[in-house]
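# Results of the structural survey
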Amino acid sequence: MDLSYTAEELAFRDEVRAFLAEKLPKDMSDKVRRGENLGKEGHELWHSILNNQGWLSYSWPKEFGGAEWNAVQRHIFDDECAAAYAPRIVPFGLSMLGPVLHKFGSKEQQDHYLPRILDGTDWWCQGYSEPGAGSDLASLKTKAVRDGDHYVVNGQKTWTTLGQYADWIFCLVRTDPDAKQQEGISFLLIDMNTPGIEVRPIVLLDGTPEVNEVFFDNVRVPVENLVGEENKGWTYAKYLLTHERTGIAGVGFSRAGLDALKRVARIETANGRPLIENPLFAARIAQVEIDLMAMSTTNLRIISQASAGQAPGVESSMLKVKGTIIRQEINDMMRRAVGPYAMPFASETVEGDNDPIGPDYAGPVSAQYFNNRKLSIFGGSNEIQRGIIAKVKMGG
Amino acid sequence: MNFDLTEERQMLQDTLRRFLSDRYTTTARNEIIESDAGISTEIWNELAELGVIGALFTEEQGGFGGAGFDIATVFEELGRAGVVEPFLDTAVLGGGLITALGNASQTALIDDVIAGGLHLALAHGEPASRYDLSRVEATAKVDGDEIVLNGRKAVVINAEAAGYLIVSAREGGGAFDKDGISLFLVPTGTTGLTLQGYAMMSGGRAAEVTLDDVRLPVSARLGAAGAGYGALVDTVARANVALAAETMGAMETATELTREYLVTRKQFGRPIGTFQALAHRYSDLLIELEQARSAVTNAAGNLESTDRDLQIAAARNLMARVGRLVAEESIQMHGGIAMTQEYELAHIAKRIVMTDHRFGDADYHLERFIDLSAA
């Protein structure tokens, strides 16, 4: 057993650090650190910086223009990016659709769509959840009916993250209403500019325009936009969901969050002394740090197995649950740390030309606390993850 | 022993609950929150007419209540409906300090407050004071028959709507001393007073207040020079009962919304409440809600007792812990829908959690409790 990185891994880490120091724009990392919205242009700029380095496609196989890093390298990169307050890579094209096309897409689909993901031509969004199909995704009702060389799509998707920016949506649709739930689903690629598509923003409780509803009214989709075989979409969807779980522990985010928390707790005072010296608050910080240290090693253990070729099983569900609990706890402590300045509404303090209200680190903390309640809800809620763990372990 | 509300309080509760469930819908409230003023004058006036403000003052102050259980009754209902109008700021804090310290001409303002015609705001907390009530760095200096105020006040809730700010400033002592703090009634139009207003996360508005050589007649002082701290502590005790009761009301709504969702939302072909994993967590919320109800009862019932501060620290600590649990678990058991602005629970959860940031969070009140129990 050896808990340290190898010489190669350390060299790789240094390379990533040097790249971030040189290429990550300062105004961009400042925005990420302050929890501000980057906008479409900001995300696209970061993607193009990474793509110029050949790193945007870091998880993709070489045959598709990818860097094909192993799990340890990916972890090092994610960790360093979080520590440097780099924007996250928007996952829909790169880590969700990409792997599905690599494995199940036709040659034509691979040749057409994959380069456009990398060069930023297409912004993708995900059409999975529906109002009646959340945790029970397979109960989805949006239907696609074959009409000549088109499918005609009718229905509604929801929680479509950043759908307002999207050029394309990958959708799960029901193509066989008579089959068993999981067996009548297909995976379709739909141009967001097709007539009959309407995107309506959903305002979240922290005021952010992050997710949308997408309505389909007789939307005609060419049959060549079907991925793989008709009625086999559930298989592809499950494959995609396992990819959605890479990096799911969010160790880098938690570590960056904990650093930020400590920084704030050194500045804030309670009874005239730094908050970080307050025994109750110090105990809270210590508790979450102890949990994070252990989870970080759990994460590395699983990554190490994965790079040895073992597919992660229930461990990724475990990491999702523990990882989100830790991130949410840090968000909660950050909210408490800023005291009464948690009360101003973020949009007044973060956007526009207004003078900031209170210390500049206080602006987004409540919004982040409320917004990150989503972490334990999306990508398979923590209840679903616990169900998976128990089912697998009890052999059900 | 009798834990029932008196007939008068029961009537007040019924009236208030009926009015708010008719008029204070999620849509109506979201419109109020998005308006420039952030609060509704119409709702304010109608609630004043129903006696909501009068219930927070004693008969000799011009009201018909004013006891701990009056405060708890009113604020439980305001909390249930997620009301954003500043009854705490205008009536409990502002009105409370004026009745505690004011002379005849100052207390004459209370009639107008009870009738709904005058708003007040407490400008006490400062950028670095967090929840420490004695930390005041703003200064007051006598200059002939005038007083000159200088300093900064943080997150002054309802400042923009207020006719007067009740400003704390130091006439003696050091930054943390209890002695030397005076309170002043400052008309909001006074030269040298600047408000930087903003909306708040859980509705309503606040402002950063700058006092730059604000000149007032000496008669603007509330009570004796340097002797405002005791009244502040008493008034904040009443505010803490109100906040605890408001949080309890909000928790009642959160758990009821969760119950409705658990029995109606179907996934995997059955109501999600039939999954034991959720059913048990829902039951835990109800168990904690009863704890919360008792904590509020303890605080309200001890408002005039020697045990007051200990009971209030206990109640606010418990409400902060249980409040966070109820808010987070209710959101979690709903899933995505509870994350949306247009769903009732989103606002209710924000009210519950943001209460943590007024007059002390769970840790602050735990420390208070430890200190008071050791004393």
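Residues numbered from 1 in each chain as written. Chains lettered and ligands numbered in written order. Predicted model: local features only at pLDDT ≥ 70, side-chain atom pairs only at ≥ 80, totals over all residues. Heavy atoms only, no water.

### What about the overall build of chain A?
Selection criterion: Numbering goes from the N terminus for both helices and strands, where a helix is a DSSP run of H or I of at least four residues and a strand is a run of E of at least two. Note that the radius of gyration is over C-alpha atoms, with the globule rule given as 2.2 Å times the number of residues to the power 0.38. Type-normalised accessible area, obtained with a 1.4 Å probe on protein chains alone, sets the label of each residue: buried when under 20%, exposed when over 50%, and partly exposed for intermediate values. Whether two residues touch is decided by their heavy atoms; if any such pair falls within 4.5 Å, the residues are in contact.
Across its full length, chain A carries 13 helices and 10 strands. Relative to the globule expectation of 21 Å for 396 residues, the C-alpha radius of gyration of chain A, 22 Å, shows essentially globular dimensions. Seen through its C-alpha atoms, chain A measures out along the principal axes to roughly 75 × 50 × 45 Å. Every one of the 396 residues in chain A was classed for burial, and the buried ones make up 51%. When contacts within chain A are restricted to residue pairs at least 6 apart in sequence, those whose partners lie at least 24 apart make up 71%.

### As for the overall build of chain B
Summing up its helical and strand segments, chain B has 12 helices and 10 strands in all. Expected size for 375 residues packed as a compact globule is a radius of gyration near 21 Å; at 21 Å, chain B falls within 12% of this value. When its C-alpha atoms are laid out on the principal axes, chain B stretches across 80 × 45 × 40 Å. Of all 375 residues assigned to chain B, the portion counted as buried reaches 60%. Residue pairs in contact within chain B that sit at least 24 positions apart in sequence constitute 73% of those at least 6 positions apart.

### Some remarks on the confidence of the model for chain B
We count it as follows: Residue-level confidence of the predictor, termed pLDDT, takes values from 0 up to 100.
For chain B, per-residue confidence averages 97 on the pLDDT scale, and 100% of positions sit at 70 or higher. In the predicted complex, the global pTM is 0.95; the interface-specific ipTM is 0.96.

### Notes on the pairing of strand β1 (residues 120-123) of chain B
All names here are of chain B. Quick reminder of the rule: A pair of strands counts as paired when DSSP detects no fewer than two bridges linking them.
With burial as the criterion, each face of β1 is covered, one bearing Leu120 and Leu122 and the other bearing Ala121 and Ala123. Across four bridges, β1 lies against strand β4 (residues 164-170) in parallel orientation. Residue pairing in the sheet places Leu122 in a bridge with Ile166 of β4.

### A few points about the nonpolar core
Cut-off, in case you're wondering: Within this scheme, the nonpolar core is defined by two criteria: the residues are buried Ala, Val, Leu, Ile, Met, Phe, Trp, Tyr or Cys, and they are joined through side-chain atoms within 4.5 Å. An automatic or database domain assignment is the source of the domain bounds shown.
Core analysis: the largest hydrophobic core is formed by 145 residues, its most contacted members being Leu20, Ile53, Val74, Phe75 and Phe87 of chain B. In terms of residue count, helix α8 (residues 229-264) of chain B provides more of this core than any other element does, 19 residues in total. If you count residues domain by domain, this core takes at least three from each of domain 2 (123-231) and domain 3 (249-394) of chain A. Ignoring sequence-local partners within four residues, the contact set of Phe87 of chain B consists of Trp44, Leu47, Val52, Ile53, Phe75, Leu78 and Val92 of chain B. In terms of nonpolar packing, the next biggest core, distinct from the first, is built from 73 residues, Ile89, Phe92, Trp234 and Leu240 of chain A among them.

### Considering the packing of helix α1 (residues 7-23) of chain A against helix α3 (residues 39-53) of chain A
Residues and elements named next belong to chain A. Our working definition: An axis is simply a line fitted to the C-alpha atoms; with a helix, the fit covers only the stretch in contact. Between two such axes, the angle follows the N-to-C directions and lies from 0 to 180 degrees. Orientation is classified from the angle alone, with under 35 degrees giving roughly parallel, over 145 giving roughly antiparallel, 65 to 115 giving roughly perpendicular, and any other angle giving oblique. Here a crossing is taken to be left-handed if its near helix is turned anticlockwise relative to the far helix by less than a right angle, and right-handed if that turn runs clockwise.
Running from N to C, α1 and α3 cross one another at 135°; their axes reach a closest spacing of 12 Å. One way to sum up the angle between α1 and α3 is to call them oblique. The handedness of the crossing between α1 and α3 comes out as right-handed. In this structure, α1 uses Phe19, Leu20 and Lys23 to contact α3, whose residues at the interface are Trp46, Ile49, Leu50 and Gln53.

### What about unusual backbone geometry?
Excluding glycine, residues mostly carry a negative phi; peptide bonds, for their part, are mostly trans. Here the phi dihedral of Glu68 of chain A falls at roughly 50°; this positive angle occurs in a residue that is not glycine. Inspection of the secondary structure puts Glu68 of chain A in the loop between α3 and α4 (71-83). Residue Glu68 of chain A is classed as partly exposed on the basis of its relative accessible area, which comes to 44%. Even without a glycine there, the phi angle at Phe359 of chain B is positive, about 60°. Among the residues examined, Phe359 of chain B registers a relative accessible area of 17% and is labelled buried.

### Considerations on the interface of chain A and chain B
The condition that has to hold: What gets called buried area is simply the loss in accessible area from a 1.4 Å probe that two parts show on being joined, summed for both. Here, a salt bridge means any side-chain nitrogen of Lys or Arg that lies within 4 Å of a carboxyl oxygen of Asp or Glu. Any pair of N or O atoms that falls within 3.5 Å is considered a polar contact. Within protein, one atom must be able to donate a hydrogen and the other to accept it, and sequence-neighbouring residues count only if both atoms are side-chain atoms. For this classification, Asp, Glu, Lys and Arg are treated as charged, while Ala, Val, Leu, Ile, Met, Phe, Trp, Tyr, Cys and Pro are nonpolar and the rest, including Gly, are polar.
Taken residue by residue, the interface counts 55 residues in chain A and 49 residues in chain B. Regarding the contact of chain A and chain B, the summed buried area is about 4300 Å², with carbon and sulfur atoms giving 56% of it. For Arg324 of chain B, the salt bridge goes to Asp332 of chain A, with nearest N and O atoms at 3.2 Å. Remark: the boundary between chain A and chain B carries 28 residue pairs in polar contact (both at pLDDT 80 or more). Broken down by secondary-structure element, the contributors of at least two residues to the side of chain A that touches chain B are β6 (197-203), β9 (269-270), α9 (279-307), α10 (314-337), α12 (365-371) and α13 (382-393) of chain A. Its residues assigned to classes, the side of chain A that touches chain B shows 27 nonpolar, 15 polar and 13 charged.

### Section: the domain arrangement of chain A
Residues and elements named next belong to chain A. The assigned domain composition of chain A is domain 1 (7-104), domain 2 (123-231) and domain 3 (249-394). Taken together, the 13 residues of domain 1 in the interface contact 11 residues of domain 2. Counting every contact that joins domain 1 to domain 2 gives zero salt bridges. Every element with two or more residues in the side of domain 1 that touches domain 2 is listed here: α3 and α5 (91-104). Residue composition of the side of domain 1 that touches domain 2, by class: seven nonpolar, four polar and two charged.

### Digging into the state of the cysteines
Residue and element names in this part refer to chain A. Which entries qualify depends on this criterion: Throughout, disulfides are identified as pairs of cysteine sulfur atoms within 2.5 Å of each other.
Following the criterion strictly, the structure yields zero disulfides over all chains and no others. With no disulfide partner, Cys125 has as its closest neighbouring cysteine sulfur the one in Cys171, 7.5 Å distant. Residue Cys171 is classed as buried on the basis of its relative accessible area, which comes to 0%.

### With respect to the packing of aromatic side chains
The test is simple: Stacked, tilted and edge-to-face are the three classes assigned to paired rings of Phe, Tyr and Trp, where Trp is represented by its six-membered ring and a pair needs centres within 6.5 Å; plane angles under 30 degrees give stacked, over 60 edge-to-face, the rest tilted. Whether a charge sits over a ring comes down to the Lys NZ or Arg CZ being within 6 Å of the ring centre and within 35 degrees of the ring normal.
According to the stated counting rule, one finds 21 aromatic pairs over all chains in the structure shown. Each ring, one from Trp123 of chain A and one from Tyr165 of chain A, has its centre 5.2 Å from the other, and the planes form 80°; the classification is edge-to-face. On the criterion of sequence distance, the pair formed by Trp123 of chain A in the loop between α6 (107-118) and β1 (124-127) and Tyr165 of chain A in the loop between β3 (150-157) and β4 (168-174) is long-range, its members being 42 residues apart. Looking at Trp123 of chain A, the relative accessible area reads 7%, which means it is buried. Grouped by ring-pair contacts, the aromatic residues Phe12, Phe19, Trp46, Trp55, Tyr58, Trp69 and Phe77 of chain A constitute a single cluster. For Arg335 of chain A, the ring lying beneath its charged end belongs to Tyr369 of chain A, and the centroid distance is 4.7 Å. If you follow Arg270 of chain B out to its NZ or CZ, it ends over the ring of Phe275 of chain B, 3.9 Å from the centre.

### Quick notes on the environment of Ala83 of chain A
The topology assignment puts Ala83 of chain A in helix α4. Residue class for Ala83 of chain A comes out exposed when judged on its relative accessible area of 52%.

### As for the pattern of salt bridges
All names here are of chain B. Within the structure shown, the criterion is met by 47 salt bridges over all chains. Here Arg293 and Glu76 are joined by a salt bridge, their closest N and O atoms 4.0 Å apart. Here the residue Arg293 occupies a position in helix α9 (residues 276-301), and Glu76 occupies one in helix α4 (residues 68-80), the gap between them amounting to 217 residues. Classification of Glu76 by relative accessible area gives buried; the value is 11%. One salt bridge in this structure joins Glu246 and Arg351, with 2.8 Å as the shortest N-O distance. With a gap of 105 residues between them, Glu246 in helix α8 and Arg351 in helix α11 (residues 344-354) connect regions that are remote in the sequence.

### Considering helix α1 (residues 7-23) of chain B
For an α-helix, 3.6 residues make a turn, and residues three or four places apart therefore share a direction. Heads up, the rule is: Expected helix span is given by 1.5 Å per residue-to-residue step, counting one fewer step than there are residues.
In this model α1 of chain B runs 24 Å from its N-terminal to its C-terminal C-alpha over 17 residues, within 8% of the 24 Å that 1.5 Å per residue would give. On its buried face, α1 of chain B sits against α3 (41-49) and α4 of chain B.

### Points about helix α12 (residues 362-374) of chain B
In a regular helix each residue adds 1.5 Å, so 13 residues correspond to 18 Å; α12 of chain B covers 18 Å between its end C-alpha atoms and thus fits that length. For α12 of chain B, the complete set of buried residues consists of Ala362, Asp363, Tyr364, His365 and Glu367 of chain B. Those residues of α12 of chain B that are buried are in contact with α9 and α10 of chain A together with α8 and α10 (308-334) of chain B.

### Describing the side chain of Asp206 of chain A
Note that Asp206 of chain A resides in the loop between β6 and β7 (209-222). Polar contacts involving the side chain of Asp206 of chain A include one to the side chain of Asn371 of chain A, which spans 3.1 Å.

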